[in-house]
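# Observations on the three-dimensional arrangement
Okay, here's what each chain looks like letter by letter:
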There are 2 protein chains.
Amino acid sequence: MIKTVGIVGLGLIGGSMAKSIKKCSDCRVYAFDIKESTMKQALESGAIDGRLEDLSTVDLLVVALFPQDTVNYVKEHAGQLHPGAIICDICGVKEKVIPEAAAACRASGVEFIGCHPMAGREKWGFENSDENLFSHASMIMTPEGADEQKVQELEDFWKKIGFGRTVRTTAENHDRMIGYTSQLAHVLSNAYIKNPLSMEFSGYTGGSFQDLTRVAKLNPVMWSELFFCNRENLLRDVSVLIDRLEEYRQALLNNDPEEMTRLLKEGSDKKEELLRKKEKEQ
Amino acid sequence: MIKTVGIVGLGLIGGSMAKSIKKCSDCRVYAFDIKESTMKQALESGAIDGRLEDLSTVDLLVVALFPQDTVNYVKEHAGQLHPGAIICDICGVKEKVIPEAAAACRASGVEFIGCHPMAGREKWGFENSDENLFSHASMIMTPEGADEQKVQELEDFWKKIGFGRTVRTTAENHDRMIGYTSQLAHVLSNAYIKNPLSMEFSGYTGGSFQDLTRVAKLNPVMWSELFFCNRENLLRDVSVLIDRLEEYRQALLNNDPEEMTRLLKEGSDKKEELLRKKEKEQ
């Protein structure tokens with residue numbers, strides 16, 4: 001049973017984790033953040049019960065740091081947890097994190113379970129954390145050989161604190177999918193807004209512009225690290241997108257409305273297929 | 001005073017116009033659609049008061065057709081309206097529509113005022129029309145030399161039936177802006193969904209994927225016509241986007257996280273500037 005939770009890193013995700021756990025469960029939450037002002041804020045707001053000092057007291061340790069920091073932290077601290085405890089990360093990439101972190105945990109009889117909450121914001125830091133950030137969101141889990149009972153325990157825990165569903169997959173498939181559904185979306189949004197006309201948009205959009213530029217604001221250092229932890233997948237997806245866009249450009253260049261209609265129909269049909277698939281799932 | 005409105009074409013926009021006018025004003029609405037089943041539906045639902053038969057009775061004629069059909073219709077029928085009446089279009093492009101349509105109207109003492117409601121949907125046709133489609137939306141107007149009193153009258157009318165604001169500009173600037181804020185967004189969304197991974201998205205997105213693919217479903221024939229009516233602007237914007245995306249691709253290829261961080265920061269800063277600008281306006 002997960003009764004005591006430790007959280008390392010009280011950024012947007014770690015902070016929202018703490019608040020969701022306090023809101024939805026009776027668990028005790030102890031946390032550590034490198035910024036003393038964040039610790040103070042978290043303590044005063046009641047988001048956490050106290051400082052995380054003794055790792056041997058926690059049943060679940062959520063390491064809510066950037067990818068490389070996560071690996072380093074787990075390698076250094078896994079030995080301090082009691083056997084049978086669970087450690088999870090929250091990283092947006094898995095292949096560069098899971099094998100090293102899991103090996104360090106196994107050596108100490110601790111279970112490592114990769115986790116990636118499908119929720120985010122255009123603002124970050126504890127000050128933007130929210131007890132409802134994970135409401136109805138999907139939590140991707142990459143257990144990769146972790147004890148089944150522990151995986152189920154953690155799955156139940158995520159649902160208890162608000163997640164709408166959990167999805168289990170491999171680190172490899174996680175990175176392949178996330179490169180496309182999330183990382184490429186951020187690249188695209190970030191590139192789209194760079195057109196010199198963007199500052200004049202006011203009054204000239206019915207929603208599509210806002211939708212397409214929503215995630216253009218991001219933490220550049222974090223996303224750059226995430227992108228390079230998933231370089232090959234993202235590189236392939238950016239290339240695919242450029243190739244497809246080039247087709248529309250050629251249709252315009254060649255003055256070929258029929259080819260343009262065909263290209264648009266192809267994309268529109270795909271979206272319709274996807275909507276039907278989604279409906280069936282619900 | 002606008003008391004009697006004629007609508008030609010009861011698609012998504014024409015149909016929503018009829019319903020908004022009936023909901024928000026005492027105007028009489030007469031309409032014509034080429035499909036008899038649509039006419040029947042519109043009459044039975046009370047969205048219109050009757051068939052549009054005598055154009056000389058209307059104070060405002062809304063031509064809600066595709067661009068070329070709009071020009072043809074206005075040229076053929078402008079002479080049947082009473083002098084002082086207003087004709088407007090609802091087309092997503094203006095330079096290919098306004099001059100010809102306006103000239104035909106001027107010859108009959110009728111005012112032509114270009115209009116483009118910034119509202120749409122991923123579904124079309126009268127069956128998807130909605131009395132609230134224009135709520136709080138922006139209506140772009142390209143009056144280009146029309147009588148100022150008539151322009152104000154029409155502006156007031158749009159606000160009365162639900163639009164949140166009106167923006168006046170030239171046909172040239174309209175097309176320049178719309179190529180970027182709307183047409184490019186549709187190309188991009190339509191291209192983004194073509195990645196072979198798109199069908200597996202379920203569980204792997206927190207919102208950015210949905211946002212980016214929202215407008216992927218569209219009417220291919222209509223959008224192809226709109227794109228070619230604005231070919232040069234759209235061609236330039238697609239090219240700009242491909243060039244910018246190529247920069248991220250190069251940073252990945254060159255294994256250059258610092259350049260990637262710089263590129264991301266550039267886009268993120270631009271989005272922040274835009275958010276600040278928007279806040280100031282509100």
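Residues numbered from 1 in each chain as written. Chains lettered and ligands numbered in written order. Predicted model: local features only at pLDDT ≥ 70, side-chain atom pairs only at ≥ 80, totals over all residues. Heavy atoms only, no water.

## Overview of the domain arrangement of chain A
All names here are of chain A. Along its sequence, chain A is carved into domain 1 (4-169) and domain 2 (174-281). Its C-alpha centre places domain 1 at a distance of 31 Å from the equivalent point of domain 2. On the domain 2 side, the residues contacting the 15 residues of domain 1 number 16 residues. Buried surface at the junction of domain 1 and domain 2, both sides included, amounts to about 1,400 Å², of which 66% is carbon and sulfur. Contact with domain 2 buries area across many residues of domain 1, yet F66, E122 and W124 alone supply 41% of it, more than any other trio. Our enumeration of links across domain 1 and domain 2 arrives at zero salt bridges. Summed over the shared surface of domain 1 and domain 2, the result is four residue pairs in polar contact (both at pLDDT 80 or more). Listing elements by their share of the side of domain 1 that touches domain 2, those giving two or more residues are α3 (67-77) and β7 (138-142). (Domains from an automatic or database assignment. Contact = heavy atoms within 4.5 Å. Buried area = accessible area lost by both parts, 1.4 Å probe. Salt bridge = Lys/Arg side-chain N within 4 Å of Asp/Glu carboxyl O. Polar contact = N/O pair within 3.5 Å; in protein donor to acceptor, adjacent residues only side chain to side chain. Helix = DSSP H or I, 4+ residues; strand = E, 2+ residues; numbered from the N terminus.)

## Considerations on the pairing of strand β6 (residues 111-117) of chain B
All names here are of chain B. Burial analysis of β6 places six of its seven residues in the buried class, the great majority of the element. Of the strand pairs in this sheet, strand β5 (residues 86-89) and β6 are connected by three bridges, and their pairing is parallel. Each bridged residue has a counterpart across the sheet, and for I86 the counterpart in β6 is E111. (Buried < 20%, exposed > 50% of the residue type's maximum accessible area, 1.4 Å probe, protein only. Pairing = 2+ DSSP bridges.)

## Re the interface of chain B and chain A
At the interface, 91 residues of chain B touch 91 residues of chain A. The contact between chain B and chain A buries some 8,900 Å² in all, and 66% of this surface belongs to carbon and sulfur atoms. Joining chain B to chain A, the criterion identifies six salt bridges. Across the salt bridge formed by E266 of chain A and K194 of chain B, the nearest N and O atoms sit 2.8 Å from each other.

## Quick word on the nonpolar core
Ranked by size, the top nonpolar core spans 86 residues in total, and within it Y192 and L245 of chain A together with Y192 and L245 of chain B carry the most contacts. Setting aside residues no more than four positions away along its own chain, L245 of chain A makes contact with V187, L188, A191, V238, L241, I242 and L245 of chain B. (Core = buried A, V, L, I, M, F, W, Y, C linked by side-chain atoms within 4.5 Å.)

## A few points about the confidence of the model for chain A
With 100% of its residues at a pLDDT of at least 70, chain A reaches an overall mean of 96. Interface confidence for the predicted complex, expressed as ipTM, amounts to 0.92; the pTM equals 0.92. (pLDDT = per-residue confidence, 0-100.)

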